[in-house]
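The residues making up each chain are set out below.
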Amino acid sequence: MSISLKPSSSLFRFSQLPSLSPPSTTFSGLSIAPLFKIHAVFSPSLSWAPLAIQKFANPRVSSASDCYTDPDGGTQISDLAPDGDMYQKTLRLVESAMFAAVTGLTYFLSNSLAIENYFGCFFAFPIVISSMRWGVAAGRKTMVATALLLLTLSGPVKASTYLLMHGVVGLAMGSFWRLQTSWGISIVLCTAVRAVGAVGYVLLSSFLIRENILALITINIHASLSYILAALGINTIPSMNAIYAIFGSLLLLNCGFFVFLLHILYAVFLTRLGMKTSLALPRWLEKALG
């Protein structure tokens, strides 16, 4: 029996080699035919010149206009260009990580050295810068990364305190400034966010120490107000609803002054950093800054 294998594709047709057929072999009158035949033909047009090394273009670059040429004459991929999308995303991620690292370490050291009150106005500033430069999403990532770093370094209590007292305020302020919101609306809303964060911090502390701190605050306000009224000759006892109203008013007043000072301080810093055109400053402050 004879089996012949021939390549079916024209790519393997070679015409310059003869057909290779192995000889038949006979053992004791038994003839063994060749099991297969190889037909190999070389094409006359085939040349054995050395293969040329080709430069394969980046599949993500569709045309030469997408490439960036530096002043030295070298050509770079579009992703590495300063205006490329991948370059901008990498820069945004690196800046957010650096801001988060600086904020987290500063907050950790200030708590360890009991100097938090001296640096409390700067803890929200990196979130505002990230929001102004890269958008609200970058500010949110900076806040979350800082909280995770503090969670690793100091535990959940310090991380929650940072979020309630500084992180949410910085994110709200950066978001309103990014949206070019007027200062009146920004100050009012940031004051409300700061007040809610302060109440949340008090409730968290009450839960941790198993003591109702909010009740202690209202009792002290009631006692102080009763003493003041008695000193003035007014024989009346304030109700608890009045005490709650006074407590809320004082809290909002304190938070309002703090947020107003943050607006002025951050506006001055961002103006010195060359971001004045991105700010919606009031006229009196814009004239004062020149």
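None of the values given here were measured: they were computed from a predicted structure.

1. Considering the layout of surface pockets
Part 1 of the argument: Roughly 170 Å³ of volume is contained in the largest pocket.
Part 2 of the argument: Contributing to the lining of the largest pocket are Met165, Ala198, Val199, Tyr201, Val202, Leu214, Ile217, Phe247 and Leu251.
Part 3 of the argument: Of the residues that constitute the lining of the largest pocket, the class distribution is 9 nonpolar, no polar and no charged.

2. Observations concerning the UniProt feature "transmembrane region" (unreviewed entry) in the protein
Part 1 of the argument: As recorded in UniProt, the feature "transmembrane region" (unreviewed entry) lies at residues 90-109, 115-136, 148-177, 183-204, 213-237 and 243-269.
Part 2 of the argument: End-to-end, the C-alpha atoms of residues 90-109 are 29 Å apart, and along that stretch the chain is 100% helix and 0% strand.
Part 3 of the argument: Overall, residues 243-269 shows 100% helix and 0% strand. The separation of its end C-alpha atoms is 39 Å.

3. Overview of the side chain of Ser96
Part 1 of the argument: Turning to its location among the elements, Ser96 is positioned in helix α1 (residues 85-112).
Part 2 of the argument: Residues in contact with Ser96, not counting those within four places in the same chain, are Ala138 and Thr142.

4. Describing the nonpolar core
Part 1 of the argument: The biggest cluster of nonpolar side chains holds 23 residues, and the ones touching the most others in it are Met173, Trp177, Tyr266 and Leu270.
Part 2 of the argument: Breaking this core down by element, the ones donating at least two residues are α3 (125-134), α5 (156-178), α6 (183-209), α8 (240-272) and α9 (283-289).
Part 3 of the argument: With residues near it in sequence (within four places) discarded, Met173 still touches Val128, Cys190, Leu262, His263 and Tyr266.
Part 4 of the argument: In this structure, Tyr107, Phe123, Leu150 and Ala159 belong to the second largest nonpolar core, which totals 8 residues.

5. Some remarks on the packing of aromatic side chains
Aromatic rings considered in pairs are described by the distance between their centres and by the relative angle of their planes.
Part 1 of the argument: Tallied over the full model, the rule gives 6 aromatic pairs.
Part 2 of the argument: Summarising the aromatic geometry, the rings of Tyr107 and Tyr162 are spaced 5.6 Å apart at their centres and angled 70° between planes, so their arrangement reads as edge-to-face. Of this pair, Tyr107 sits in helix α1 while Tyr162 is found in helix α5, placing the two residues 55 residues apart along the sequence.
Part 3 of the argument: Residue Tyr107 is classed as buried on the basis of its relative accessible area of 1%.
Part 4 of the argument: The class of Tyr162 is buried, set by a relative accessible area of 0%.
Part 5 of the argument: An aromatic cluster of at least three residues, connected via ring pairs, comprises Phe122, Phe125, Tyr266 and Phe269.

6. Examining the environment of Leu289
Part 1 of the argument: Following the sequence through the fold, Leu289 ends up in helix α9.
Part 2 of the argument: Sequence-wise, Leu289 and Ala267 are 22 residues apart; in three dimensions their C-alpha atoms are separated by 9.3 Å.
Part 3 of the argument: If we ignore the near neighbours within four places in the chain, the residues touching Leu289 are Ala267, Val268, Thr271 and Leu281.

7. Observations regarding the pattern of salt bridges
Part 1 of the argument: For the structure shown, the criterion picks out 2 salt bridges.
Part 2 of the argument: In this structure, Lys89 engages Asp85 in a salt bridge whose closest nitrogen and oxygen atoms are separated by 3.3 Å. Of the two residues, Lys89 and Asp85 both sit in helix α1, 4 residues apart, roughly one turn of that helix.
Part 3 of the argument: A salt bridge links Arg133 to Glu95; the shortest N-O distance between them is 2.9 Å. Of the two residues, Arg133 sits in helix α3 while Glu95 sits in helix α1, which places them 38 residues apart along the sequence.
Part 4 of the argument: Arg133 gets classed as partly exposed once you look at its relative accessible area, which sits at 39%.
Part 5 of the argument: Residue classification places Glu95 among the buried residues on the basis of a relative accessible area of 17%.

Rules of the game
Residues numbered from 1 in each chain as written. Predicted model: local features only at pLDDT ≥ 70, side-chain atom pairs only at ≥ 80, totals over all residues. Heavy atoms only, no water. 1 Å grid on protein atoms, 1.4 Å probe; cavity = no way out; pocket = protein on both sides within 12 Å on 5 of 7 lines; lining within 4 Å. Points joined across faces, edges and corners; volume = space filled by probe spheres on them. Nonpolar A, V, L, I, M, F, W, Y, C, P; charged D, E, K, R; others polar. UniProt positions renumbered as here; feature names shortened; annotations may be inferred. Helix = DSSP H or I, 4+ residues; strand = E, 2+ residues; numbered from the N terminus. Contact = heavy atoms within 4.5 Å. Core = buried A, V, L, I, M, F, W, Y, C linked by side-chain atoms within 4.5 Å. Buried < 20%, exposed > 50% of the residue type's maximum accessible area, 1.4 Å probe, protein only. Phe/Tyr/Trp six-rings, centres within 6.5 Å; stacked < 30°, edge-to-face > 60°. Salt bridge = Lys/Arg side-chain N within 4 Å of Asp/Glu carboxyl O.

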